[in-house]
Structures are given as C-alpha cells and as structure tokens.
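Here are the chains, one letter per residue:
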Amino acid sequence: MKTITFYQKKPGVFRFMGWLSYGITPWLAPLILPLAIISDRSTAGAISFISYSSIAIISTFPDSRKAVHSVHQLFWGQFRHHLLSRQVSKRLRETLLHAGLVKKEHREITGSEGRTRRQEILHYPCAQIHKDKVNIYIQFKMIPGQTEQEWERKVNAFAHSLGSSLISFQISRGIVEITLQYGEIKANSVTYKTDTDHNLALGYATGGKLTWDFEHFPHALIIGPTGTGKSTFIRNLLVQLRSEWIVKVADGKQVEFTHLQDLGFDVATDTSGFIRLVEEAQTEVDQRFKTMETQRKNHYSQINEKPYFLVIDEAIYLLEALSTKKDKETGQSERERILGLLRDISLRGRAAGVQLIMIFQRPDSTFMPTVIRDNLTAKIVLGGSETALEMAFGRDKSKQLDSVTLGHGYACIGDGRIELFRFPDYAQSKFLDDLEQQRSSVAIQ
Ligand SMILES: Nc1ncnc2c1ncn2[C@@H]1O[C@H](COP(=O)(O)OP(=O)(O)OP(=O)(O)O)[C@@H](O)[C@H]1O
Ligand SMILES: [Mg+2]
C-alpha cells in the first residue's frame, strides 16, 4: 500500500524541480559526480564517457537491460508518484471547495502604504490517502462545525472527480473514510476446493480471495436483478461443495440445475419438490438436534454429521406458487407453513450444520419475512442495484454505493465491512464437466 501526499496548497515549482532531479538522478549522476569530485576536466569527462558507454552496452543485452530499467524506475517512479500526489490533491481540493467542505476565513491585511485589503484563506480538512493496485483509501478529518450530513451528501463527488467508483464509506467520530475503486479486480480462475475446511470462496476482493466461513456465519442470501450472474455465481459455489457434503437444490426456473440430476444430485424443479426439500431439511435439523441432545453434544460435527446445503435458486418463483389459502384445521396457509419451516432452519441450522443458500431477484418482504432475511448472515448483492443493496445491507450501510458491472458484487459477512468482489464467469458446460470429473474421481477412490 502506497501513501499519497495530500497538498493543501498547490505545491511550488521548486518541489517539482526537486522531484524531477531526483527522478533523473541515475542519468545525471555519471556526468555530475566525476565533474564534482575530479578537478581535472578532461579526466572527469573521460570517466563520464566510460560510464555512459558502459550503461549503453549493458542496455543492449536483454538480461542486464532489466537492471538498468529497474534502477531508472526506482527513481523515476518517485517523481511520477509526486505527479500523482499533485494531481489527486488538486482534484480533491477542487471537489472539497465545490462541495462546500472547506472553511473560508477572511482576513483584513494592511499593506505598507496603509491600504487594507481582504484576503480569503482556505482551510482544507486534513487527509490521509493510500492506494493499492485497485483502490484509493481516503481518510478526511472533519473540520469542527461540519456535520455528517454535509459529508454524506457529497461523498459521491470524490469518486466522480477521481474517475473511480465508490465502494464504501463510513463516518464515525469526525473521521470520514472513503474507499474508491479505480483498478480492476481480476477473477480469472474458478476456485476448486481441495481442503475440508468449512468455508467457501465467494470470489476475489482487493486483498485476494474473499471467503465465507459458513460455520460462523450461517446461511447466505444472494440478491441480483435479472442477468447479473446469479446462476453463474451459484455454479462457482456449487463446484466447491465437497462430494461427501449433502447438497439439495431447488430450481425455481427449472432450467439451470436440472442437469445435476444426471450426476446424482437431488434437484427439485416444481412446487411439490421444493416443499419436499424444505421439509426434509427441517426434519434433518430436528433429527440432528435430537441426536445431539441424547449424546449431550452441541455441534453437529461431534455427532459425525456433514454439512447439509439447501440451495434455492429463484426462490421467489417457488414461494409465489405456494397456496395462500388458510387450512381450516391449522389456520395456516401452505406458504406460511413453508416460511415457518425455513425460519426454523435459519434459526437452528447453524448448530445442526444445515445451511440455506437463497437466491432472489428481489426479496420482497411478503415472500421473504425479515426474520428469515436477518438470519441469513452472509449477504451478497450482485450487480449492485440500489434497491437490492438497501434490501441486503439496510439503507445506512448501502447509501451511495455505486452500481457495479457484470461479474462484480458486494458481500457483507456477519456484521463486517461491505466488500466489493469479482467472481469468474463460469459456463454451464464447463461446470457440468468439472462436476462429472469430481464425481468420477470420488467413485474411483
Ligand atoms: N463473472 C462474470 N463475468 C462476465 N460475465 C458474466 C459473469 N457472470 C455471468 N456473466 C454473464 O452474464 C450472463 C447472465 O448470467 P446468469 O445467467 O448467471 O445471470 P442470472 O442473474 O442468473 O440471470 P437470470 O436472472 O436470467 O437467471 C451470462 O451470459 C454470463 O455469461
Ligand atoms: Mg439465473
């Protein structure tokens, strides 16, 4: 992580010249050093000539050329970094000024001839800026008298002025922290899980792989408007589920995961199948709890059970299709009954090792009661639409997060930070080939 200097005033030409001379030091040194050290001009000139000729010869060989290049970069890089600091500072100063986040002070100055004139002095907030390959992290210290609302309203302007996207911001105790993304996160390779740990890679964030520890943060809620890569994302997760784990898939669209049946997966594509899978998962929770109770254990791994996943793609189609007619005996509709079972799984599933992964285009509260939504502790939004972000993270946390391009998403695990990540494009055919290969290698073992 590199630090960018924030210049509250435009840095002077001397600073520029200073950094420029530093930047070209390796090229000037062979000329200036001999002249400075040796009084005999012709000897100094000869040494300079030999030095430059040696550099020229070294540069003709590809291997040694790299060394010359890296020395140049070492010095020139610092000069370029100074230029970047100047540019970023200029943009930030302009943005702060236009956003009204600068304190202006007017002073009367009396000149030597006795005339007074008014001078405007600008006080900028102190800033610390860091950058890595993908993000710029800016931390401003609010000027006394400024309010959080003033900053909140203008926070997007910083992203626009630096030509980047806002991926998170937070204000607390007078400190404004803004993270902007300017570079690209790469997510070329699908993760194939080789360990038995109870976590799954969601994709790549700026710090590397973003993993979801489902043991500590059970159940996932995935929201993405149509075409944002929900099914692709699920394929990336499904390929990581180990073959000894239990995986059940309810497919609301009836086209995405039916092929998995051929590979021995339990896939439901209609309402009755969906009901069966939810009932089975809830019965599993009950049974595991009973066993744990009789064996006086409090975790499913202690009774030799494996993680159990119920993946519900396009859950809204399945929930919508459930009858809302109240049963005379129970006073409950079918939809209420199923939502009740899902609620129970979401509440007690963690200790029993039964995980829900629910995928929605829009988790409308009629189909997705807040109680269940809150219990799905890994929240993922693909595409980053405003309503989807608000539904997943709440208005406060998601405020002004920029929408993202295809292949990106925001994840918030537990109460942690909202992180931008990218997941690989993973074609259905490749996914099915991979699964087939995995299953056959298990069969051989
Ligand atoms: N990570 C990615 N990078 C690039 N393209 C992607 C990525 N993920 C998905 N896509 C592309 O986006 C398109 C839609 O993907 P997908 O079918 O997974 O979305 P979806 O949200 O499930 O859509 P729907 O709402 O129609 O079910 C596909 O053509 C896919 O190739
Ligand atoms: Mg889909």
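The rules behind these values
Residues numbered from 1 in each chain as written. Chains lettered and ligands numbered in written order. Predicted model: local features only at pLDDT ≥ 70, side-chain atom pairs only at ≥ 80, totals over all residues. Heavy atoms only, no water. UniProt positions renumbered as here; feature names shortened; annotations may be inferred. Helix = DSSP H or I, 4+ residues; strand = E, 2+ residues; numbered from the N terminus. Contact = heavy atoms within 4.5 Å. Domains from an automatic or database assignment. Salt bridge = Lys/Arg side-chain N within 4 Å of Asp/Glu carboxyl O. Polar contact = N/O pair within 3.5 Å; in protein donor to acceptor, adjacent residues only side chain to side chain. Nonpolar A, V, L, I, M, F, W, Y, C, P; charged D, E, K, R; others polar. Near = heavy atom within 4 Å. Phe/Tyr/Trp six-rings, centres within 6.5 Å; stacked < 30°, edge-to-face > 60°. Buried < 20%, exposed > 50% of the residue type's maximum accessible area, 1.4 Å probe, protein only. Patch = residues over 30% accessible without salt bridge, like charges linked within 9 Å, V, L, I, M, F, W, Y side chains within 5 Å. Areas by Shrake-Rupley, 256 points an atom, 1.4 Å probe, with all protein chains shown as cover. Pairing = 2+ DSSP bridges. Axes fitted to C-alpha atoms, helices over the stretch in contact; angles between N-to-C directions. Parallel < 35°, antiparallel > 145°, perpendicular 65-115°, else oblique. Left-handed = near helix turned anticlockwise from the far one by under 90°. Core = buried A, V, L, I, M, F, W, Y, C linked by side-chain atoms within 4.5 Å. Bend = angle between axes of the 7 residues up to and from the residue.

**A few points about the UniProt feature "binding site: ATP" (unreviewed entry) in the chain**
So, point 1. Taken from the UniProt record, the annotation "binding site: ATP" (unreviewed entry) applies to Gly-224, Pro-225, Thr-226, Gly-227, Thr-228, Gly-229, Lys-230 and Ser-231.
So, point 2. Locating Thr-226 in the fold gives a position in the loop between β10 (220-223) and α6 (230-238).
So, point 3. Leaving out residues up to four positions away in the same chain, Thr-228 has contacts with Leu-382, Gly-383, Leu-406 and Phe-423.

**Quick look at the domain arrangement of the chain**
So, point 1. Considered domain by domain, the chain is made up of domain 1 (9-98), domain 2 (99-183) and domain 3 (199-444).
So, point 2. Distance between the C-alpha centres of domain 2 and domain 3: 42 Å.
So, point 3. Taken residue by residue, the interface counts 15 residues in domain 2 and eight residues in domain 3.
So, point 4. Across the domain 2-domain 3 interface, the total number found is zero salt bridges.
So, point 5. Linking domain 2 with domain 3 are zero residue pairs in polar contact (both at pLDDT 80 or more).
So, point 6. Breaking the side of domain 2 that touches domain 3 down by element, the ones donating at least two residues are β5 (135-141), α5 (148-161) and β6 (165-172).
So, point 7. Residues belonging to the side of domain 2 that touches domain 3 are distributed by class as follows: seven nonpolar, six polar and two charged.

**Here's the deal with the site of ligand 1**
So, point 1. Around ligand 1, 15 residues are found, and the nearest of them are Lys-230, Ser-231, Thr-232, Lys-253 and Phe-423.
So, point 2. One of the backbone nitrogen or oxygen atoms of Lys-230 is found 2.9 Å away from an oxygen atom of ligand 1.

**Things to note about the packing of aromatic side chains**
So, point 1. Counted according to the given criterion, the structure contains 15 aromatic pairs.
So, point 2. Each ring, one from Phe-233 and one from Phe-421, has its centre 5.9 Å from the other, and the planes form 50°; the classification is tilted. Of this pair, Phe-233 sits in helix α6 while Phe-421 sits in strand β17 (residues 418-422), and the two are 188 residues apart along the sequence. The burial state of Phe-233 is the same as that of Phe-421; both residues are buried.
So, point 3. Here a set of aromatic residues connected by ring pairs shows up, and it is made of Trp-212, Phe-214, Trp-245 and Phe-309.

**Description of the UniProt feature "domain: FtsK" (unreviewed entry) in the chain**
So, point 1. As recorded in UniProt, the sites labelled "domain: FtsK" (unreviewed entry) are residues 207-391.
So, point 2. Taken end to end, residues 207-391 comprises 38% helix and 20% strand; its first and last C-alpha atoms sit 26 Å apart.

**Quick look at a nonpolar patch on the surface**
So, point 1. Judged by side-chain polarity, Leu-28, Leu-31, Ile-32 and Leu-35 come together as a nonpolar surface patch covering roughly 320 Å² of accessible area.
So, point 2. Note that Leu-31 resides in helix α2 (residues 25-37).

**Topic: the sheet that holds β6**
So, point 1. Pairing within the open sheet is antiparallel, and its five strands lie in the order β1-β4-β5-β7-β6. The open sheet has two free edges, formed respectively by β1 (2-4) and β6, since each of these has just one partner strand. Neighbour to neighbour, the strand axes of the sheet diverge by 20° on average, direction disregarded.
So, point 2. Inspection of the sheet shows strand β4 (residues 127-131) paired to β5 by five bridges, in the antiparallel sense. Residue Lys-131 lies in a different strand from β5, and its bridge partner there is Ile-136.

**Digging into the packing of helix α7 (residues 271-294) against helix α9 (residues 334-352)**
So, point 1. Across the interface, α7 lies against α9 with an axial gap of 9 Å and an inter-helix angle of 40°. Overall, the two elements α7 and α9 adopt an arrangement that is oblique. In terms of crossing hand, the pair formed by α7 and α9 is left-handed. Facing α7, whose interface residues are Phe-274, Ile-275, Val-278, Glu-279, Ala-281, Gln-282, Val-285, Asp-286, Arg-288, Phe-289 and Met-292, α9 presents Glu-334, Arg-337, Ile-338, Leu-341, Leu-342, Asp-344, Ile-345, Arg-348, Ala-351 and Ala-352.

**Re the pattern of salt bridges**
So, point 1. According to the stated counting rule, one finds 22 salt bridges in the structure shown.
So, point 2. A salt bridge links Arg-337 to Glu-334, with the nearest nitrogen and oxygen atoms 3.1 Å apart. Of the two residues, Arg-337 and Glu-334 both sit in helix α9, three residues apart, roughly one turn of that helix.
So, point 3. On the accessibility criterion, Arg-337 (28% relative accessible area) is partly exposed.

**Some points on the nonpolar core**
So, point 1. Counting residues in hydrophobic clusters, the biggest one holds 48 residues, and the most contacted among them are Phe-274, Ile-312, Leu-319, Leu-342, Met-358 and Tyr-410.
So, point 2. Once residues within four sequence positions are removed from consideration, Ile-312 is found in contact with Ala-250, Phe-274, Leu-318, Leu-342, Ile-357, Met-358 and Ile-359.
So, point 3. By size, the runner-up hydrophobic cluster in this structure holds 38 residues, among which are Trp-212, Phe-309, Ala-411 and Tyr-426.

**Description of α9**
So, point 1. Where α9 bends most, at Ser-346, the angle is about 40°.
So, point 2. Of the residues making up α9, those classed as buried are Arg-335, Ile-338, Leu-339, Leu-341, Leu-342, Asp-344, Ile-345, Ser-346, Gly-349, Ala-351 and Ala-352.
So, point 3. Gly-353 sits one or two positions beyond α9 and adopts a positive phi of about 75°.

**What to know about the pairing of strand β11 (residues 246-251)**
In regular strands, side chains alternate between the two faces of the sheet.
So, point 1. Most of β11 is tucked away: five of the six residues are buried.
So, point 2. Taken together, the six bridges between β11 and strand β13 (residues 308-313) define a ladder with parallel strand orientation. Across the sheet, residue Val-249 finds its bridge partner in β13, namely Val-311.

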